[in-house]
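Per-entry structural report
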Amino acid sequence: MVGMPVVDVPETPAAAGAPRVPVPPARPFLHTLGANLKETFFPDDPFRAVAREDGRGRRALATLRYLFPCLEWLPCYTLGALRSDLIAGVTVASLAVPQGISYAKLADLPPIMGLYSSFVPALVYAVMGSSRDLAVGTTAVGSLLFPTLLGKEAPPAENPELYMHLAFTATFFAGVFQAGLGILRLGFLVDFLSQAAIVGFMGGAATVVCLQQLKGLLGLQHFTRATDVVAVMRAVFSQTHQWRWESLVLGCCFLLFLLIARFFSKRRPRFFWVSAAAPLVSLIAGSVFVYLIHGQNHGIQVIGNLKKGINPLSAKSLILSAPHMMVALKAGIITGLIGLAEGITVGRSFAMSKKYHVDNNKEMIAFGLTNIVGSCTSCYLTTGPFSRSAVNVNAGCKTAMSNVVMAVAVAVTLLFLTPLFHYTPLVVLSAIIISAMLSVFDFPAAVGLWKVDKLDFCVCLGAYLGVVLDNIGIGLSIAVGISVLRILLFVARPRTTALGKMPNSTVYRRMDQYAMAESVPGVLVLQVDAPIFFANASYLRERISRWINEEEERIKATSEQSLQCVVLDMGAVAGIDTSGTKLIEDLNNSLQMKNIQIALANPGSEVMKKLDMSKVLASIDDEWIFQEVGDACDYALLNCKIANVQHNIV
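By the naming in an unreviewed UniProt entry, the protein chain goes by STAS domain-containing protein and is assigned to Hordeum vulgare subsp. vulgare. Annotation of the protein chain in UniProt includes, under Subcellular location (unreviewed entry), the sentence "Membrane".

This is the structure in structure tokens:
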């Protein structure tokens with residue numbers, strides 16, 4: 001228009017034609033796919049130690065060290081470490097013998113199999129395992145799962161041989177499943193079992209295990225195979241006429257002794273061996289007492305004969321054909337998953353306290369091979385139980401050699417000492433199991449979940465109630481289901497927040513957190529806290545539109561300057577797909593119809609690449625792409641002033 005005064009516009013990088021945020025160069029699809037797959041399955045770059053070695057010989061040795069972690073510590077093994085591992089191994093063996101017998105009875109398997117499962121698997125793990133602290137053996141939760149999952153197909157009392165063969169087969173499938181996950185680099189799947197889920201699940205399983213021991217404490221001959229609290233209580237109180245006070249008194253005495261020993265060891269950590277040796281002392285004392293008073297004549301049940309000798313081969317006992325194979329396969333997958341969750345969690349916690357790294361995938365392969373070899377040598381499911389591992393650490397173990405020492409001690413027991421356990425009362429085994437399970441209840445962790453994150457507490461409580469009120473499988477399903485649902489909610493409903501400018505600075509922060517943060521007149525700054533893709537694009541479209549409508553209503557009510565620009569802080573948007581780019585395009589079009597400008601701040605390289613390839617970047621214009629939120633707001637305010645000046649002149 002003739003006569004219009006000239007308005008000076010400050011020169012900016014955008015005005016000069018230079019883009020504020022560069023678009024990264026395009027890369028071949030296969031290159032990008034390979035990089036993404038490597039980041040997914042090989043985030044730790046496991047072969048870097050091999051690649052940096054010079055010469056074939058050195059690389060071969062590095063490969064062997066990676067495949068067999070024992071080769072990392074064996075060459076520099078010292079007499080001092082051997083002394084420590086020797087003490088730790090013997091101490092753990094004193095716990096492994098009574099626990100192994102107890103847990104085998106819990107699994108409705110011959111007691112000798114508990115000792116078998118503490119011999120061969122420990123040797124395999126010593127070679128393949130990456131943890132220095134885990135002591136390998138059977139667990140109460142895994143032992144309880146076997147009669148729960150296999151009992152209907154082959155009742156242990158009616159068909160013990162078929163049941164035992166199914167147990168071997170389930171252990172074999174558990175090992176194949178575990179090793180397969182490790183070989184395929186799927187260790188991250190274990191992370192779907194959150195700490196809250198594990199706390200609730202283990203607490204529920206411990207409750208079920210303790211309730212099942214009422215059979216031994218009360219001297220009952222027949223008991224329910226159901227694991228829910230209602231069925232167990234019904235079985236207990238429907239047989240009050242068969243309760244044996246002798247078993248109850250004897251069991252309570254030994255349980256009290258075990259609890260006192262544990263309490264003393266906790267108060268005096270130097271005497272950790274008191275708690276570790278207490279189960280073996282109980283086993284010996286109970287056997288002597290029953291032998292002297294002829295306890296079998298008073299209704300006190302005993303173990304009976306235990307066969308001498310180390311593990312017999314059982315490869316021919318595996319059932320790999322219909323109709324029983326599918327039951328064993330299902331049991332193997334479930335028990336294998338539980339074993340991995342417990343073993344990896346325990347190993348990782350001790351590794352963190354000692355400041356070294358445990359590779360999830362290596363541990364999966366180690367547990368898998370342990371169970372595959374174990375299933376062929378008369379063992380059932382083994383992992384790294386917390387109780388044995390804690391004793392191993394407290395006893396001062398230095399390397400996995402402590403597992404070898406424990407295995408040798410168990411082998412000596414198998415070869416020479418098994419006749420001594422003939423008169424061991426079953427009620428003592430029940431007391432040992434209950435004592436061990438009481439340490440599994442992690443009440444401080446549950447209280448911490450309630451204080452810190454109520455949703456995590458709901459995950460924990462759901463897992464616990466599922467196990468206690470129904471069965472272990474349901475509890476595990478609830479735990480995993482709630483955890484996955486939480487992930488989906490975070491992904492599908494990402495948080496969007498309004499940002500404001502901090503006084504006397506160029507910093508922008510969340511207005512719902514910082515009361516001093518001030519909104520910018522005519523500019524709405526929104527932060528998106530997640531990648532934008534098909535699962536949340538529709539939600540973000542609605543949520544951002546609602547932010548804009550609410551801001552326009554607020555401006556109308558307060559008669560402030562009209563909304564001129566919407567700035568999206570993309571700093572937390574790590575990725576975007578075609579649904580996300582369509583969202584940005586639709587948002588830009590709808591805002592243009594209202595004469596409102598859209599600006600993007602701090603978009604990442606992947607976001608810029610996708611927006612550029614989809615032509616969305618061109619429709620927004622490089623002029624409105626900024627490195628910082630402050631730059632976007634300043635430029636928007638400048639353009640608002642220019643527009644107002646030109647409007648007033650016209």
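Text resumes after the structure shown.
Observations concerning the overall build of the protein chain
On a plain count of helices and strands, the protein chain comes out with 27 helices and 6 strands. For 650 residues, the compact-globule estimate of 2.2 N^0.38 gives 26 Å, and the C-alpha radius of gyration of the protein chain, at 32 Å, exceeds that figure by more than 25%. Within the protein chain, contacts between residues separated by at least 24 positions form 79% of all contacts whose residues are at least 6 apart in sequence. Carbon and sulfur atoms make up 64% of the accessible area of the protein chain, which amounts to about 31,300 Å² in all.

What about the confidence of the model for the protein chain?
For the protein chain, mean pLDDT is 84; residues scoring 70 or higher make up 92% of the total. Low pLDDT, under 50, characterises residues 1–19; the predicted model gives this stretch 13 contacts beyond four residues in sequence or across chains. The low-confidence segment residues 645–650 (pLDDT under 50) makes 4 contacts with residues lying over four places distant or belonging to another chain.

What to know about the environment of Tyr539
Within the secondary structure, Tyr539 is located in helix H23 (residues 537–558). With 47 residues separating them in the primary sequence, Tyr539 and Ala492 have C-alpha atoms 7.5 Å apart.

Section: the pairing of strand S3 (residues 523–528)
Look at any regular strand and the pattern is simple: side chains alternate between the two faces of the sheet. Among the 6 residues of S3, 6 are classified as buried, and the element is accordingly described as predominantly covered. In terms of strand pairing, strand S1 (residues 496–501) meets S3 through 4 bridges, oriented antiparallel. Following the sheet pairing, Thr497 is matched in S3 by Gln527. Direction of pairing for S3 relative to strand S4 (residues 565–569): parallel, over a ladder of 5 bridges. Looking at S4, one finds that Gln527 is bridged to Asp569. Read as a crossover between parallel neighbours, the route from S3 over H23 to S4 is right-handed.

Brief notes about the state of the cysteines
What the rule picks out here adds up to 0 disulfides. Free of any disulfide, Cys252 has its nearest cysteine sulfur in Cys253, 7.1 Å distant. What makes Cys252 partly exposed here is its relative accessible area of 40%. In this structure Cys397 is not part of a disulfide, and its nearest cysteine sulfur, from Cys76, lies 15 Å away.

Quick notes on the sheet that holds strand S5 (residues 597–601)
With mixed pairing, the 6 strands of this open sheet are ordered in space as S2-S1-S3-S4-S5-S6. At either end of the open sheet lies a strand with only one pairing partner, and these are strand S2 (508–510) and strand S6 (625–626). Relative to S3, H23 is tilted by about 155°, and along the sheet it contacts S1, S3 and S4.

Description of the UniProt feature "domain: STAS" (unreviewed entry) in the protein chain
Annotation from UniProt places "domain: STAS" (unreviewed entry) at residues 513–636. Along residues 513–636, the helical share is 48% and the strand share 15%, with 24 Å between the first and last C-alpha atoms.

Notes on the side chain of Thr207
Relative to the helices and strands, Thr207 resides in helix H10 (residues 195–212). Note on Thr207: relative accessible area 14%, which makes it buried. Every residue in contact with Thr207, bar those within four places of it in the chain, is listed here: Phe441, Tyr464 and Val468.

Section: the packing of aromatic side chains
Taken as a whole and judged by the stated rule, the model has 13 aromatic pairs. Between the aromatic rings of Phe237 and Trp243, the centroid separation amounts to 6.0 Å while the plane-to-plane angle is 55°, which identifies the pairing as tilted. You can call Trp243 partly exposed: its relative accessible area is 35%. A centroid spacing of 5.6 Å and a plane angle of 45° characterise the contact between Phe264 and Phe271, whose relative ring orientation is tilted. Note on Phe264: relative accessible area 33%, which makes it partly exposed. For Phe271, a relative accessible area of 27% gives the class partly exposed. Pairwise contacts between aromatic rings join Trp624, Phe626 and Tyr635 into one cluster. Looking at Arg132, its charged tip hangs above the ring of Tyr356, at a distance of 4.1 Å from the centre. Seen from the ring of Trp450, Lys454 lies directly overhead, with NZ or CZ sitting 4.8 Å from the centre.

Description of the pairing of S4
S4 sits mainly inside the fold: 5 of its 5 residues count as buried. Examined bridge by bridge, S4 and S5 share 5 bridges and lie parallel to one another. Paired with Val566 across the two strands is Ile598, which belongs to S5. Assessed by its sense of winding, the connection that carries the chain from S4 through helix H24 (residues 578–593) to S5 is right-handed.

Quick look at the environment of Gly571
Among the structural elements, Gly571 can be located in the loop between S4 and H24. Put simply, Gly571 and Asp529 are 42 residues apart on the chain and 8.1 Å apart in space, counted from C-alpha to C-alpha. Those residues in contact with Gly571, other than ones at most four positions away along the chain, are Ala601 and Asn602.

A look at the pattern of salt bridges
All told, the structure shown has 8 salt bridges when counted by the stated rule. Its salt-bridge partner being Arg510, residue Asp512 comes within 2.8 Å of it at the nearest N-O pair. Of the charged contacts in the structure, one is a salt bridge between Glu606 and Lys609, with a shortest N-O distance of 3.8 Å. Taken together, the residues span about one helical turn, with Glu606 and Lys609 both in helix H25 (residues 605–613) at a distance of 3 residues. Given a relative accessible area of 12%, Lys609 falls into the buried group.

Some details on the packing of helix H5 (residues 79–106) against helix H19 (residues 426–438)
Running from N to C, H5 and H19 cross one another at 100°; their axes reach a closest spacing of 9 Å. One element, H5, and the other, H19, form an angle in the roughly perpendicular class. For the pair H5 and H19, contact is made by Pro98, Gln99, Ile101, Ser102, Tyr103, Lys105 and Leu106 and by Leu426, Leu429, Ile432, Ile433, Ala436 and Met437, respectively. Among the residues making up the contact of H5 with H19, the classes are represented as 10 nonpolar, 2 polar and 1 charged.

A look at helix H15 (residues 325–354)
When the terminal C-alpha atoms of H15 are compared, their 42 Å separation across 30 residues agrees well with the 44 Å that a helix rising 1.5 Å per residue should span. Positive phi shows up at Lys355, right after H15, with a value of about 60°.

Examining a nonpolar patch on the surface
A grouping of Leu61, Leu64, Leu67, Phe68, Leu71, Leu74 and Val127 is seen on the molecular surface, where their side chains present a nonpolar patch of about 540 Å² in accessible area. Looking at the nonpolar patch, the element that brings in the most residues is helix H3 (residues 56–67), giving 3 residues. Tracing the chain through its elements places Leu71 in helix H4 (residues 70–73). You can call Leu71 partly exposed: its relative accessible area is 32%.

The rules behind the values
Residues numbered from 1 in each chain as written. Predicted model: local features only at pLDDT ≥ 70, side-chain atom pairs only at ≥ 80, totals over all residues. Heavy atoms only, no water. UniProt positions renumbered as here; feature names shortened; annotations may be inferred. Helix = DSSP H or I, 4+ residues; strand = E, 2+ residues; numbered from the N terminus. Rg over C-alpha atoms; globule rule 2.2 N^0.38 Å. Contact = heavy atoms within 4.5 Å. Areas by Shrake-Rupley, 256 points an atom, 1.4 Å probe, with all protein chains shown as cover. pLDDT = per-residue confidence, 0-100. Buried < 20%, exposed > 50% of the residue type's maximum accessible area, 1.4 Å probe, protein only. Pairing = 2+ DSSP bridges. Right-handed = clockwise from strand over helix to strand, strands pointing away. Disulfide = S-S within 2.5 Å. Axes fitted to C-alpha atoms, helices over the stretch in contact; angles between N-to-C directions. Phe/Tyr/Trp six-rings, centres within 6.5 Å; stacked < 30°, edge-to-face > 60°. Lys NZ or Arg CZ within 6 Å of the ring centre and 35° of its normal. Salt bridge = Lys/Arg side-chain N within 4 Å of Asp/Glu carboxyl O. Parallel < 35°, antiparallel > 145°, perpendicular 65-115°, else oblique. Nonpolar A, V, L, I, M, F, W, Y, C, P; charged D, E, K, R; others polar. Expected span 1.5 Å × (residues − 1). Patch = residues over 30% accessible without salt bridge, like charges linked within 9 Å, V, L, I, M, F, W, Y side chains within 5 Å.

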